[in-house]
Amino acid sequence: MMRLTAFLIANLVLFLISAVSVAAQETVIQVNAAEWPPYTKPGLKHQGVIARIIREAFLESGYRSELNFRPWKRALIEGQQGKVDAVSFSVRSPEREAIFLYSDQLFSMTRYFYHLKNKPFDWQELSDLEGKTIGIDLGFSYRPELEEMAQNGLITLLEGRHARNSLQRLLTGRIDLFAMSRDYPEYVLKTEFSPEEANQITYHPTPFEEPEFFLLFGKVNPRATEYRDAFNRGLAVLRQSGRFEQYFEESRRGDYLPDK
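Keep in mind that what you see is a predicted model, and the values were worked out from it rather than measured.

(A) Main features of the side chain of D137. The topology assignment puts D137 in strand β7 (residues 133-137). Buried charge without a salt bridge: D137, with R169 as the nearest opposite-charge side chain at an N-O distance of 7.6 Å. Among residues more than four places away in sequence, those in contact with D137 are Y142, G160, H162, A163, S166, F178, M180 and Y184.

Written out as structure tokens, the structure is:
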């Protein structure tokens with residue numbers, strides 16, 4: 001009798017494990033994302049490097065996922081309302097921390113000041129920026145000191161809807177500097193400017209800031225903690241295996257650009 005009971009319990013445990021595994025495989029986690037090449041964009045191979053990392057991190061934990069591309073504000077609202085399971089990707093803020101669970105750090109981007117090669121520029125301290133007109137991307141968060149300097153009339157900030165706008169302004173002399181991480185403008189220079197135009201632009205090697213980005217999970221979703229923990233486990237596997245860095249290297253080489 002005891003052997004029969006043990007046998008039944010063992011089979012019940014195996015059944016439950018199998019059922020959970022099947023349920024995870026059948027679940028398709030819906031992730032909202034804005035178009036932000038080279039990280040996330042429909043026309044890129046794998047839909048971009050971050051899109052690939054998100055999908056493979058979930059797969060490592062037994063979940064399938066798919067990205068839905070939305071304007072950023074809509075992406076956030078749908079995540080807040082629980083219409084999707086996750087939103088890619090965002091910096092931390094007190095307002096969003098009240099609404100979303102944050103994953104482990106997804107990635108960070110080091111921002112630099114881009115400038116024209118024929119207009120030498122050097123900086124080590126923020127005071128070295130005084131008198132400059134600096135291009136920034138609309139909707140991006142920057143160091144608060146930059147905004148304070150603009151409010152005090154020490155610098156001028158000129159917003160652009162796309163990196164293309166700011167890079168074009170750089171070429172025409174409307175701005176002196178463009179503050180952005182390397183991946184984004186390098187992608188735009190490679191895909192939307194001629195080699196002659198791109199060759200006129202460089203960046204100063206001193207980093208300006210290094211914001212961290214996270215995957216967001218709406219707290220209204222009863223499975224938010226489950227999905228976040230699953231993603232974190234898979235992300236750790238990608239980092240430990242070296243695939244995380246491998247995918248970024250492939251992206252920077254241009255391997256994810258669409259075939260011409």
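(B) Highlighting the nonpolar core. Of all hydrophobic cores here, the largest spans 65 residues; its most connected members are I50, I53, F107 and L129. With seven residues, the top contributor of residues to this core is helix α2 (residues 49-60). Those residues in contact with I50 that lie beyond four places of it in its chain are Y39, T40, S88, F89, L106, F107 and F248. Within the second largest apolar cluster, seven residues are counted, among which are A75, L76, F100 and Y102.

(C) Just the environment of Y112, in detail. The topology assignment puts Y112 in strand β6 (residues 111-116). Between the C-alpha atoms of Y112 and P207, which are 95 residues apart in sequence, the distance is 5.0 Å. Leave out the neighbours within four places in its chain, and Y112 touches F178, A179, M180, R182, Y203, H204, P205, T206, P207 and F208.

(D) Quick peek at the pattern of salt bridges. A full pass over the atoms with the stated rule returns 16 salt bridges. A salt bridge links R52 to E56, with the nearest nitrogen and oxygen atoms 3.0 Å apart. With a gap of four residues between them, R52 and E56 both fall in helix α2, about one helical turn apart. Considered together, R52 and E56 belong to a single accessibility category, that of buried residues. Residue R243 is joined to E60 by a salt bridge in which the shortest nitrogen-to-oxygen separation is 2.6 Å. With R243 in helix α10 (residues 243-253) and E60 in helix α2, this residue pair connects regions lying 183 residues apart in the sequence. On the basis of relative accessible area, R243 is assigned to the partly exposed category, the value being 22%. Its relative accessible area of 38% is what places E60 among the partly exposed residues. One connected set of salt bridges, linked through shared partners, spans R52, E56, E60, R243 and E250.

(E) A look at unusual backbone geometry. Residue P38 follows P37 across a cis peptide bond; omega there is 5°. Mapped onto the fold, P38 is located in the loop between β1 (28-33) and α2. That bond from S88 to F89 is cis: its omega, -10°, falls within 30 degrees of zero. Position of F89 relative to the elements: it lies in strand β3 (residues 86-90). Non-glycine residue H46 carries a positive phi angle of around 65°. Locating H46 in the fold gives a position in the loop between β1 and α2.

(F) Representation of the layout of surface pockets within the structure. When its volume is computed, the second largest pocket comes out at roughly 440 Å³. Surrounding the second largest pocket, 25 residues form its lining, Y39, R182, D183, F248 and R252 being those nearest its centre. Among the elements of the structure, β5 (107-108), α7 (183-192) and α10 are those that each provide at least two residues to the lining of the second largest pocket. Tallying contributions element by element places α10 first for the lining of the second largest pocket, with five residues. Of the residues belonging to the lining of the second largest pocket, the class tally is 11 nonpolar, six polar and eight charged.

What counts as what
Residues numbered from 1 in each chain as written. Predicted model: local features only at pLDDT ≥ 70, side-chain atom pairs only at ≥ 80, totals over all residues. Heavy atoms only, no water. Helix = DSSP H or I, 4+ residues; strand = E, 2+ residues; numbered from the N terminus. Buried < 20%, exposed > 50% of the residue type's maximum accessible area, 1.4 Å probe, protein only. Lys, Arg positive; Asp, Glu negative; His and termini not counted. Salt bridge = Lys/Arg side-chain N within 4 Å of Asp/Glu carboxyl O. Contact = heavy atoms within 4.5 Å. Core = buried A, V, L, I, M, F, W, Y, C linked by side-chain atoms within 4.5 Å. 1 Å grid on protein atoms, 1.4 Å probe; cavity = no way out; pocket = protein on both sides within 12 Å on 5 of 7 lines; lining within 4 Å. Points joined across faces, edges and corners; volume = space filled by probe spheres on them. Nonpolar A, V, L, I, M, F, W, Y, C, P; charged D, E, K, R; others polar.

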